[in-house]
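# Per-entry structural report
So the chains spell out like this:
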Amino acid sequence: MGAYFLVECKNWKSRVDISVIRGLAHISAMKGNRAVLLFAGNGATDQAEQEIRRAVGNDIHILCITKEDLAKLGTKEDCRALLEEKWKALQEYADGGIPV
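Here the structure is a predicted model, which means the values were calculated and not measured.

Here His 61 lies in strand β3 (residues 61-65). His 61 sits in the buried class, given a relative accessible area of 0%. Here Gln 91 takes part through its side chain, which lies 2.9 Å from a polar atom of the side chain of His 61. Those residues within four positions of His 61 in sequence are excluded, and the remaining contacts are Arg 34, Ala 35, Val 36, Val 56, Trp 87, Leu 90 and Gln 91.

In C-alpha cells, the structure reads:
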C-alpha cells in the first residue's frame, strides 16, 4: 500500500462524485503515493466508482470506506481486514478486469 496514505473525509448527505475521485487521484499522483483512504459516509456514485477503477491503472488505489463499513468494525483486526479486502478487490480488477 505504500509508505503513507492520503486521507480524505466526506461526511456528506450525498455520495461523492467523479470530481472528488479525480481530484484525489491527481493529488496522489503529484505526491507519489499509491493509496487513498476516502471516508465517504454515503459512498460514491456509479461514475465515481468507475473512476476509482480507472485510477488503479495508474497504480492509485482509492479505498472508499462508508458508514456501513465503519459500523461493522469492532477490533483493529476488523479494520485491517476491511482495508485488505478493499485493496485486494481493486488489485483483482487491475489484474483481470473483475468488477469491483
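Before going further, it helps to spend a moment on the pairing of β3. Along any regular strand, the residues point their side chains to alternate faces of the sheet. Burial analysis of β3 places 5 of its 5 residues in the buried class, which makes it a mostly covered element. In β3, alternate side chains face the same way, and those of His 61, Leu 63 and Ile 65 on one face and Ile 62 and Cys 64 on the other are all buried. Direction of pairing for strand β2 (residues 35-40) relative to β3: parallel, over a ladder of 5 bridges. Within β3, the position partnered with Ala 35 by the bridge is His 61. A crossover links β2 with its parallel partner β3, the connecting element being helix α2 (residues 46-56), and its sense is right-handed.

Turning our eyes to something else, we now look at the packing of aromatic side chains. Overall, the coordinates contain 0 aromatic pairs when judged by the stated rule. Across from the ring centre of Tyr 93, 5.9 Å away, lies the NZ or CZ of Arg 53, which sits over that ring.

Here we take up helix α1 (residues 18-31). Between the first and last C-alpha of α1 there are 20 Å, a value that for 14 residues agrees with the 20 Å anticipated at 1.5 Å per step. Where α1 is buried, its residues contact β1 (5-10), β2, α2 and β3. Residue Gly 32 follows α1 closely and has a positive phi angle near 80°.

Per-residue confidence for the chain gives a mean pLDDT of 90, with 93% of residues at or over 70. Helix α3 (residues 67-71) holds the highest mean pLDDT among the elements of the chain, 96, whereas helix α4 (residues 76-96) holds the lowest, 90.

With that settled, consider the sheet that holds β2. What the 3 strands build is an open sheet, ordered β1-β2-β3; its pairing is parallel. Two strands lie at the open edges of the sheet, namely β1 and β3, each paired on one side alone. Across the sheet, the mean angle from the axis of one strand to that of its neighbour is 15°, orientation sign disregarded. Taken strand by strand, α4 contacts β2 and β3, and its axis lies near 135° from that of β3.

Basis of the calculations
Residues numbered from 1 in each chain as written. Predicted model: local features only at pLDDT ≥ 70, side-chain atom pairs only at ≥ 80, totals over all residues. Heavy atoms only, no water. Helix = DSSP H or I, 4+ residues; strand = E, 2+ residues; numbered from the N terminus. Buried < 20%, exposed > 50% of the residue type's maximum accessible area, 1.4 Å probe, protein only. Polar contact = N/O pair within 3.5 Å; in protein donor to acceptor, adjacent residues only side chain to side chain. Contact = heavy atoms within 4.5 Å. Pairing = 2+ DSSP bridges. Right-handed = clockwise from strand over helix to strand, strands pointing away. Phe/Tyr/Trp six-rings, centres within 6.5 Å; stacked < 30°, edge-to-face > 60°. Lys NZ or Arg CZ within 6 Å of the ring centre and 35° of its normal. Expected span 1.5 Å × (residues − 1). pLDDT = per-residue confidence, 0-100. Axes fitted to C-alpha atoms, helices over the stretch in contact; angles between N-to-C directions.

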